[in-house]
Every structure is written in structure tokens, then in C-alpha cells.
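Chain residues, written in single-letter form:
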Amino acid sequence: MTTAPWRDPALPATARVDDLLARMTLEEKTAQLYGVWVGAATDGDGVAPLQREMTSDYDWDELITHGLGQLTRSFGTAPVDPELGAQALARAQRRIAAAGRFGIPAVAHEECLAGFTAWGATAYPVPLAWGASFDPGLVEEMARRIGADLRSAGVHQGLAPVLDVVRDPRWGRVEETIGEDPYLVGTIGTAYVRGLESAGVVATLKHFAGYASSVGARNLAPVRAGVREFADVTLPPFEMALREGGARSVMAAYNETDGVPASADPRLLTELLRDDWEFTGTVVADYFGIGFLETLHRVAGSPAQAAHAALEAGIDVELPTLKCYGKPLVEAVRAGEIPETLVDRAARRVLLQKAELGLLDEDWTPEPTERIDLDSPANRTLARQLAEESVVLLDNPDGVLPLPPEARIAVVGPRAADALAMLGCYSFPSHVGTHHPEVPMGIEIPTVLESLRAELPDAKVTFAEGCDVSDPDTSGFEEAVARASEADVCVAVLGDRAGLFGRGTSGEGCDVADLQLPGAQADLLDALVSTGVPVVLVLLTGRPYALGRWQGQLGAVVQAFFPGEEGGPAVAGVLSGRVNPSGRLPVSVPHAPGGQPWTYLQPPLGLADEVSNLDPTPLYPFGHGRSYTTFAWEPAESRELERELEIDTDGSYDLTLTVRNTGARTGTEVVQLYLHDPVASVTRPDVRLIAYQRLELPPGESTRLTFHFHADLSAFTDRSGRRVVEPGALELRLGVSSAEVRHTTRLNLTGPIRVLGTDRRLVCETEVRADE
């Protein structure tokens, strides 16, 4: 039997795909360009925007005779036992392969924003918590485990990470982002990509690009970001994740920027992504994004016109199901309205990726090769570690924390005894499970109340809910105040309920008008403070909320961003002192609920001044977080800090610091390096993060940390649109947050203006070694 060249794994993938494409009909090529969403609901509440309106009926058996590009969310649409789900997916793949002339299976994709979004899978902390950890290595390990779980179930592509940079914390999807700084988002996101790709799963960067910059923080609203904001804030995380992480897929965003929808923007999806950045993977549509060109953006008059615009821009795959890339596309090509070369271009990219995944090989098999365990003990251990590292101690002025082991503790609040308080909107129990109340949650999720009782078995712990998350009813206040009045300390557990499209206080489509705590929770906190009993505020949220109303009135403040299935024990560990908090804020915490939108990346006119009565200065700045121990910092070359150092505009400088734990217990310091550019040809943020490093030290121990700064890290987009390094003064500021600087080094860049290309340095390398 002679094997066709496209089946021969010994040949280059390009040669195999060239041979295959030459054999395929137009219908077979277009079939590779769309996914099918089996079991998607066409009535009731959905899990994607306008799902009911955009989901079409089709004849499955007839459809797969031409082949199929993707299978959408076999595990993430309804509760299914993982073992049975994997077997069902394998059977579907066998049917797809048997139905078509070439026997090519589909790429199966799933959401994996905070773990594999499947029933019974580990629910890890949300991305905002990854940002709070400042720990790329741990995030990479988590992503590697997520990838292994996806592969074990027969899934090839994961729709993560989200690399949107927070521009307005009122936006509902803040919980899905890593933070408000592009360097933090880029480095943590790149680590996630490395982990997922190392497991053989295609990482999909989203949402490309500008989605988080929506006007008024409304989901799917227009974006009016300027050219330099787009280039210097929005795009760098994507470039880093492609160049440094090796991501093989990108998802086009829903938004329009300056009147051009991302899904119909060839300058973004082809000229920048492919020509400039040399990306060779696949571009997929966000769910229904191609159809939205007709129905929402109104830049296309029919599904065929939407298909033409998207294909021409550079979108290779229509997700989650076919609407534009099926019959409308075929008919338009036959009529000469759309060049078949656009279909060939997209099909080539899809088939090249299938070749990489082994889906064109004769020995391909879809059946699982080992037992599937999506919530293994190792997963849970990792989820616990990441949750512990992500909890931020915002304040502890009087040493109320750690809690005494035999204290009388009143636990109050609507988030204290609810397991869902730990989860973001893309964790399976919140995303899908709430539509199936008859089905068990599938994983064990200890609440804060349960965890605190287990953590402090000798304490007397009472509980009162006080109020609902979002309901304004205050009838439960009396009991809550009574419990607090009887206690030595009150732990108020407040925050968000994750949901979708207005069904929660945080999550996709759950945008807010201001940053006041939802419902009656602010009034409940007032009532608890009025008792005179020390109140420890614990926040389980998907975004920062304004806390200036209680400044100086709280015994302590603990922030956790949806910390996942092990979040309860992690928070309880911080409260008891078993865990020394090491999280740092990936987003600023404002004083007042209406003082936004604001992030710390502000030029001079964005800071407090005498010409406006509105002070945007945050209560707790980006990078802030406290510990139960103390640290001393000693610059290795303190004499050099007193004078200005000169380096070339293509030069480098090593900044070395000794960090010593001066406290009585092991702790972790997060050293942050910021850049201040006093004078530039365009306005620049007053400070911006360019490096960071976690350092865990036992009492009395010290370590030497070196940041290898290169002038490329000072680059920005000038008035002509070039990315440049300009000569002149710079300051390197070592701080424990963006607002608390410990040491400053002054540099003077000399030489000509340098115009940078895509080979520029994106990351500031760090070196940690034992103190000599």
C-alpha cells in the first residue's frame, strides 16, 4: 500500500500540507475553517455573548462528510464525567475521521482560564491572583499541569491566557486579567504559555487586541485608545508571549478601535502579527466574532461579507460554530465574490497546525491512554501554593493578625460560607454548574468559615451572613452585629459573586458603574466597625473595590482575588499566621468609588495636582503588600547611587541589591524595579515596572539580587510611531510598590536615538545568588 505524501511524517509539514491541499475540494478546505459546538444551548442563559441568537442548527452527519476544523467545548458545555467525556470525544473524532475522504480529525478546544473548565477539574486561582503572586515559575508549573489534564482528555487547544491589561477596573472581566501593568501581564502570561505549550497543548492568546480599554468599562464597547497607548500598553504582553513563550494561536478580540473591528483589521491580524512579528500559527475568532461584523459592528451586510472581511484580515478559524465560513463562504467563492486564495491561506495554516499535533498521521488515535484524574492531589497541592502566594495583606496597623489561637471570632459576611466565593466566572462550577443545580459541584471547595474552624480548632467561631452579595436587604444586620459584639475580633468576609452577563457582580458582562462594594456590604461593614470590636476585612473579589471609607478604622485588611478551590485554607492560613503573606497588588486599590478609571501608569497630568479637586491617588498602590516579617535592603554600590552614571543608548547596567530578613520568621520579599523617565519627546508614565523578583528568606538570612538592565527596556513609541530609545536622564527605582521607593539609581543615556525592531530585549534578566 502506498502512503500519500501528506500522510508521511518524515516529510516537512509544508510539503505534506501542499500535497493535501491540492487534493481537497473547496468544501473540504472550508470545512477546516470552522468549529462545531455540539450541545450548545439555543434557549435560556448562555455562556457566550448572544449565544441563543447566534447558534445555528445543522445536520451533523452531513456536515462532517467534508471534514471539520474544530470541536467546541466537549467538556465545558455541560457536566460530564471526565472518563465518559473523553470516550465520547474519541467516538466523535472517529466519526469525523471516518466520514471524510481524508480521515482528518478535528482540533478539540476548551477554556482553561483558571484550570480546565470541565466538571471535576481543579479550579485554580483566577489570573488576577496569578498576578498577585508575582511568581512566573509557579504559574508555568500550573499551566503545565492544566495542559497535561487537557491532553489526557483528548483536548488539543486551550483558550488562554488573557493578556488584556486592565485600564478601568469597573470592567467585569478584570478577574480574567493578570493586572494593570503590561510587564507583569507579559511575564506572567508568557510563563503560562510556556507551561501549556510544554504539555503539547496550543495556547491561545486573547483578546487581540485592546478589549480591556473599552469606553466606560462596558463589555464589548468601542475602544478609543491612542496609537501610543495601544503600542506601549496593549500590545507588549502579546508580543512577549509569542516571542518568548511560543504561543501557537491568537484569538481576535470583539472590540473595535477607532472604528475598525479587530476581526476585520488586516493591519492588526496580518501586517503587525504576521509580517512584523513573524507569527506562523492560527488566528481564531472569539465566539461569534465573525458574525458580529454583520450583526453588531454593521461593517458587513451578510454572513458572506463578514466571512470575506474576516478572512482578508487574517482570521483562519470561525468559532464556536459555523455561521459565516460554511455555506455562505462556499457560495461567495463560487460566485467569484471572494478569492479562493484566502480560503487556501487559512486552510494551510490550520492544516500545518494539525500536522504539528499529529492529526495527519496514520497512527493517530483519539482514545485516552491512561486513567483521567482532573483533580489529583498534586493539582490540589499546587492550587494551594498558588492561592497562598496570591493572598495580599493590605494592612495590619495594630498587629491584629495573626489571630490568637483561642480567640472568640465572629465570622460575618455573605462570602464566608459559600464555596462559590472562591471561584471566578470561568471556573466550571460558576461558568456551567450554576445552570445544573441538580448536579454535584464535582470538586471539594472548603469555605473560609470551614477553613478557619479547621485552622484554629481551639477558637470559638460563630457565624452570621449579615446580607446577600448584591441584594440591598439589611434585615440580617442585627444578628451580624450581635455576633460581632460578643467576639474578641470580627472577620468580615465580603466580595463578589462571579457570573456571566449580569448574573453576577464580577465576570464577563458584569460591569459596574463604580467601585463601591456590591449590595448592602458597605453598610454591613459600617455596622460591624461601629461595634468597637476589631474588624478584619477579608475580600474575595474579581476586581479592586474602594476602601477609603474605612481608612484607619479596620484592624486588618486581606485581599484575595478568587483564589480557587484551595482558597479557603489559604486565606485561613494567613489569618492564623501559618502562612506568611507574600502577595502583592496587581491592580491599585482606590480611595473613593468614583475616582476611576485610573491605573498607576499615569503621565504627569494623570496624577494629583492643584487644578482639579479630584485626587486619583490610590489608597493602596500597585505592587503593595505587607508581611509578618521585615526586610532590609542594602545596595551593593551605594556610592554610585550618589552620582549619575553614563551608559550608551544600546548599553546595559547591573543593579545589585542585598536583601536581608530582619524579622523572626521566614518570609518572602518581592523586590520591584521601576523606570522613571524625567524628560521625553512624548509624555511617559511617571513610573512603570520593568523587573521584579520574589525572594524567600529564613530569619537573619540574606541574598544578593542583580537586575541586568538594558537600555532597550526604556524604549517607547515616539511621535512618528517608531519604537525608540532616546538619550537623556533615567532613574531606576527599587521599591516595595510603585509608590514606595527604597533606592534610586540615576543613569544618563548617551549616543544617538536608537530605533528598535522586533529583536529588542523585552525582559530584564535577574540573577539571585547567596550573599557573600
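Our subject is the structure that appears above.
Residues numbered from 1 in each chain as written. Predicted model: local features only at pLDDT ≥ 70, side-chain atom pairs only at ≥ 80, totals over all residues. Heavy atoms only, no water.

Undergrad: How do you make sense of the packing of aromatic side chains when you look at a structure like this?
TA: Aromatic rings in a pair are described by how distant their centres are and how their planes are angled relative to each other. The final tally for this structure, using the stated rule, is 16 aromatic pairs. Judged by centre distance (4.9 Å) and plane angle (10 degrees), the ring pair of Trp 130 and Tyr 192 falls under stacked. Highlighted residues: Trp 130 in helix 6 (residues 127-133) and Tyr 192 in helix 8 (residues 182-198), separated in sequence by 62 residues. The burial state of Trp 130 is the same as that of Tyr 192; both residues are buried. Judged by centre distance (5.1 Å) and plane angle (80 degrees), the rings of Phe 134 and Tyr 692 are edge-to-face. Of this pair, Phe 134 sits in the loop between helix 6 and helix 7 (136-152) while Tyr 692 sits in strand 20 (residues 688-697), and the two are 558 residues apart along the sequence. Comparing Phe 134 with Tyr 692, the two get one shared label, buried. Here the basic side chain of Lys 206 rests over the ring of Tyr 426, its NZ or CZ set 5.6 Å away from the ring centre. (Phe/Tyr/Trp six-rings, centres within 6.5 Å; stacked < 30°, edge-to-face > 60°. Helix = DSSP H or I, 4+ residues; strand = E, 2+ residues; numbered from the N terminus. Buried < 20%, exposed > 50% of the residue type's maximum accessible area, 1.4 Å probe, protein only. Lys NZ or Arg CZ within 6 Å of the ring centre and 35° of its normal.)

Undergrad: Whenever I open this one, the side chain of Glu 726 confuses me. Can you help?
TA: Within the secondary structure, Glu 726 is located in the loop between strand 23 (723-725) and strand 24 (728-735). The buried charged residue Glu 726 lacks any salt bridge partner; its closest oppositely charged side chain belongs to Arg 722, at an N-O distance of 6.9 Å. Among the polar contacts made by the side chain of Glu 726, one reaches the side chain of Ser 681 at a distance of 2.4 Å. Residues in contact with Glu 726, not counting those within four places in the same chain, are Thr 649, Ala 680, Ser 681, Phe 716, Leu 749 and Ile 753. (Lys, Arg positive; Asp, Glu negative; His and termini not counted. Salt bridge = Lys/Arg side-chain N within 4 Å of Asp/Glu carboxyl O. Polar contact = N/O pair within 3.5 Å; in protein donor to acceptor, adjacent residues only side chain to side chain. Contact = heavy atoms within 4.5 Å.)

Undergrad: Would you explain the nonpolar core in this entry?
TA: A general trend in soluble globular proteins is that nonpolar side chains are found buried together. One finds Tyr 192, Phe 208, Tyr 325 and Leu 547 to be the most contacted residues of the largest nonpolar core, which totals 211 residues. Residues within four places of Leu 547 in sequence aside, it is in contact with Leu 394, Leu 537, Leu 539, Val 557, Val 589, Pro 590, His 591, Leu 619 and Tyr 620. Counting residues in each nonpolar core, the second largest holds 39 residues, with Leu 401, Ala 421, Val 489 and Val 558 among its members. (Core = buried A, V, L, I, M, F, W, Y, C linked by side-chain atoms within 4.5 Å.)

Undergrad: For this particular structure, what's the right way to read the pattern of salt bridges?
TA: Oppositely charged side chains may form a pair once their charged atoms are brought near each other. Counted under the stated rule, the structure contains 46 salt bridges. Of the charged contacts, one joins Arg 380 and Asp 375 as a salt bridge, the two residues approaching to 3.0 Å between their closest N and O atoms. Take Arg 380 and Asp 375: they sit in the same class, and that class is buried. The structure contains a network of salt bridges with shared partners spanning Asp 375, Arg 380, Arg 384, Glu 565 and Glu 566.

Undergrad: Sorry, what's going on with the sheet that holds strand 9 (residues 282-285) here?
TA: Picture the strands of a sheet paired through backbone hydrogen bonds; they go either parallel or antiparallel. Read from one edge of the open sheet, 7 strands run 1-2-3-4-5-6-9, paired in parallel fashion. Sheet topology places strand 1 (35-36) and strand 9 at the edges, where each strand pairs with a single neighbour. Bridge count between strand 5 (residues 202-208) and strand 6 (residues 249-252): 3 bridges; the pairing is parallel. Directly across from Thr 204, in strand 6, lies its bridge partner Ser 249. (Pairing = 2+ DSSP bridges.)

Undergrad: Quick question: what am I supposed to make of the sheet that holds strand 15 (residues 556-561) here?
TA: The sheet built from 6 strands is open, its strands ordered 10-15-14-13-11-12 with mixed pairing. Looking along the sheet, the strands with just one partner apiece sit at the ends: strand 10 (392-395) and strand 12 (460-464). Each neighbouring strand pair of the sheet contributes to a mean axis angle of 20 degrees, computed without reference to strand direction. Here 4 bridges tie strand 11 (residues 408-412) to strand 13 (residues 489-495), and the two strands are oriented parallel to one another. (Axes fitted to C-alpha atoms, helices over the stretch in contact; angles between N-to-C directions.)

Undergrad: It is not clear to me how the environment of Phe 707 should be interpreted in this structure. Could you clarify?
TA: Looking at the secondary structure, you find Phe 707 in strand 21 (residues 702-710). By relative accessible area, Phe 707 is classed as buried at 0%. Beyond its immediate stretch of four places on either side in the chain, Phe 707 contacts Tyr 653, Asp 654, Leu 655, Val 671, Leu 673, Ala 691, Tyr 692, Leu 734, Cys 764, Glu 765 and Thr 766.

Undergrad: I would appreciate a short explanation of helix 14 (residues 327-334) in the present structure.
TA: For an α-helix, the turn length of 3.6 residues means that residues three or four places apart are oriented alike. If you check which residues of helix 14 are buried, you get Leu 329, Val 330, Ala 332 and Val 333. An end-on view of helix 14 places all buried positions within 165 degrees of arc, on one side of the element. Exposed residues pointing more than 90 degrees away from the buried face of helix 14 are listed as Lys 327 and Arg 334. At the exit of helix 14 stands Gly 336, carrying a positive phi of roughly 80 degrees. (Arc of directions from axis to C-beta.)

Undergrad: Is there a simple way to explain unusual backbone geometry in this structure?
TA: Glycine aside, the phi torsion of most residues is negative, and most peptide linkages are trans. Omega for the bond connecting Phe 208 with Ala 209 falls within 30 degrees of zero, at 0 degrees, which places this linkage in the cis form. Within the secondary structure, Ala 209 sits in the loop between strand 5 and helix 9 (227-234).

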